[in-house]
Amino acid sequence: MLRLAFLLVVLAIGGAARPADAEQLVVSLSNQRVAITSNFIGEQLVLFGTIEPTAGAALRPSYDLVVTVVGPRQTLRTRRKQRVLGIWVNVDSREFLRVPVYLAILSNRPVAQIAPPDTLRRLQIGLANFLLTQRIGPDIADTVSDDPFRKAFVHLQGDHGLYSEAGNAVTFLTPAVFRATIALPADAPVGPYPIDVKLFADGKLAARTNTALQVTKAGFEQYVADAARDHGLLYGFTTMFMALLTGWFASVVFRRD
Amino acid sequence: MQIYLPIADLSVNVFLVLGMGLAVGYMSGMFGIGGGFLMTPLLIFIGISPAVAVASVTGHIAASSFSGAINYWNRRAIDLALALMLLAGGIVGTATGVWLFTTLRALDQLDLIIGLSYVTLLTVVGAIMINESVRAIARAHHGMPATVRRPGSHTWFHGLPFKLRFKRSKIYVSAIPVLAIGFVIGFVGAIMGIGGGFLLVPMLIYFLRVPTATVIGTSMVLTFVTMASATVMHAATNHLVDALLALILMVGGVVGAQFGARTGQKMRGERLRLLLGILVFAVGLRFAYELGVKPEDLYSIRHVGDG
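Bear in mind the structure is a predicted one, so any value in this text is a computation, not a measurement.

Examining the packing of helix 1 (residues 14-31) of chain B against helix 2 (residues 36-45) of chain B
Residues and elements named next belong to chain B. In the contact formed by helix 1 and helix 2, the axes pass within 9 Å of each other and the chain directions differ by 160 degrees. When the axis of helix 1 is compared with that of helix 2, the two are roughly antiparallel. Like other packed secondary-structure pairs, helix 1 and helix 2 cross with a definite hand, here right-handed. Residues Met20, Val24 and Met27 of helix 1 form the contact with helix 2, whose own contacting residues are Leu38, Met39 and Leu42. Among the residues making up the contact of helix 1 with helix 2, the classes are represented as six nonpolar, no polar and no charged.

Things to note about the environment of Phe48(A)
All names here are of chain A. Considering the arrangement of structural elements, one finds Phe48 in strand 3 (residues 43-53). On the basis of neighbour counts, which here come to 14 C-beta atoms within 10 Å, the residue Phe48 falls in the partly exposed class. The spacing of Phe48 and Leu173 is 125 residues in sequence and 9.9 Å in space, taken between C-alpha atoms. Filtering out sequence-adjacent residues up to four positions away, Phe48 remains in contact with Val27, Ser28 and Arg179.

Section: the interface of chain B and chain A
Counting residues at the interface gives 49 residues for chain B and 50 residues for chain A. Of all the secondary-structure elements, those providing two or more residues to the side of chain B that touches chain A are strand 1 (2-5), strand 2 (10-13), helix 3 (50-74), helix 8 (212-237), helix 9 (243-266), helix 10 (269-292) and strand 5 (299-306) of chain B. Examining the composition of the side of chain B that touches chain A, we find that nine residues originate from one element, helix 9 of chain B, more than from any other. Looking at side-chain class alone, the side of chain B that touches chain A contains 29 nonpolar, 15 polar and five charged residues.

Let's talk about the sheet that holds strand 4 (residues 64-70) of chain A
Remark on secondary structure: sheet strands pair via backbone hydrogen bonds, oriented parallel or antiparallel. Residues and elements named next belong to chain A. Taken together, the six strands give an open sheet; going across it, the order is 2-14-13-4-7-10, and neighbouring strands pair in mixed fashion. With one partner strand each, in any of the chains shown, strand 2 (33-36) and strand 10 (163-166) form the two edges of the open sheet. The mean angle between the axes of side-by-side strands here comes to 15 degrees, regardless of whether they run parallel or antiparallel. Note that strand 4 and strand 13 (residues 191-201) share six bridges and pair antiparallel. Across the sheet, residue Val69 finds its bridge partner in strand 13, namely Ile195.

Observations regarding the pairing of strand 13 of chain A
Of the pairings in the sheet, the one linking strand 13 of chain A to strand 14 (residues 204-217) of chain A comprises eleven bridges and is antiparallel in character. Bridge pairing in strand 14 of chain A links Pro194(A) to Ala212(A).

Topic: helix 8 of chain B
Owing to its 3.6 residues per turn, the α-helix brings residues three or four apart onto one side. All names here are of chain B. Taking 1.5 Å as the rise per residue, helix 8 with 26 residues should run 38 Å; its terminal C-alpha atoms sit 37 Å apart, in good agreement. Of all 26 residues in helix 8, 22 are buried; the element is thus mostly enclosed. A positive phi of about 50 degrees marks His239, the residue just after helix 8.

Calculation criteria
- Residues numbered from 1 in each chain as written.
- Chains lettered and ligands numbered in written order.
- Predicted model: local features only at pLDDT ≥ 70, side-chain atom pairs only at ≥ 80, totals over all residues.
- Axes fitted to C-alpha atoms, helices over the stretch in contact; angles between N-to-C directions.
- Helix = DSSP H or I, 4+ residues; strand = E, 2+ residues; numbered from the N terminus.
- Parallel < 35°, antiparallel > 145°, perpendicular 65-115°, else oblique.
- Left-handed = near helix turned anticlockwise from the far one by under 90°.
- Contact = placed C-beta atoms within 7 Å.
- Nonpolar A, V, L, I, M, F, W, Y, C, P; charged D, E, K, R; others polar.
- Buried ≥ 20, exposed ≤ 12 C-beta atoms within 10 Å, placed from the backbone.
- Pairing = 2+ DSSP bridges.
- Expected span 1.5 Å × (residues − 1).

Okay, structure coming up:
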């Protein structure tokens, strides 16, 4: 009886170790803290990782990898212009609630080739499947991916280098070692950037891990931004005196007589 | 060389911004205007949000008009009494303007109002100035005095009470139109990120008949004080003044203004007004074009709030 119970436990443990747990991911970022200084023009970060087989399992012949980098969330309003009485005016707008300002989906090949559409949708993989909550009248929901406001929003963010989907940003150095390049534009917002790494094998999620990077303003930039926000009046007077000084200085330097 | 602007949250080329400051400063010194109506659109064009552009430009105009004012002060070309009287109206106008700016920003229509105000003001004022100065040049060409001063011709507001004598400008007018002009300039300046010099100069000439000799210096004093107070008010209420951006513009602006002031003093008054009129009109047309032509992208994104 006892022997049977033991056997059942072993079987249960063995059963829990589904094929999905045959691998685990180990990742590391080249730089976890990006400091925005006065000469910041954007930055390229590298995420390295390896696929480790769990004890007793063997690596499969081929894997796919998707890295999703999600920047700080803000509420953004997308506005549409329309001709009213001959001039172009913002007439319609839609609020995107708590959506990431930065969003990068990096993979070793186009996401559509990695997994079937319903898996991609369930795991929010790809710009078309990422949940972007909108306020539509009284409702709060995401729309279909070809909704004009959603398309315009993704497109505009993409123009600023803030939203991207790159099917060639992940490279496998060996079948089990990979590298992903994360590009941060100059106007990347400050805050935490959680990174989600998903491993696929045969179109199924095989393993998953998380890491994060942090974008902060540093030194002088941080000081100025803080001062403007926390001590508005003093900051204003300082700017004004700066104006006085520059103006006076120029008139002294350029005095003719 | 790229530099990151802490409030505008984007990185710009220092030399580009410095060059813009120089060019606009030159014109500001030449015509006795703040140059904001040129600078604000330029900043918006290089990607700075209209709200930050308007707020930061006020600091730049304060600096270049202060340097210009010192110049005119040394030449005794400032009517301080007139400037102070205009100022009294100007401060009230600026405060009202900053308040309206904040309200319109919340309603999503700030860009439209800025655009429409530019079109209306610039084309009308530009057209009037071109018309007047062409006539003056034509008169000068026929050997007649360029400026017609008609001491006997009184308009309705010359009949208003509270008359004051402004010695240096040799005028005797009621305080009411002076205060009103000050208010309009302060108000328009805070909303449009302009010093209002291009409006003030013609208003002083045509309504109050201030002679060309003192008009520019006086306008500079007023521009300086309204813009300096607008800087403080914008910083305190909207937190949108980018001090670093303002500083780069200031440095370029004050240097440019010095050279501009010299060019301006060598030129004949009516010719100067014609040039300014053409410039003002052209910028107005540029804004009209933007409002009237289908934009490349109908959609735009605006930040609403964190989290």
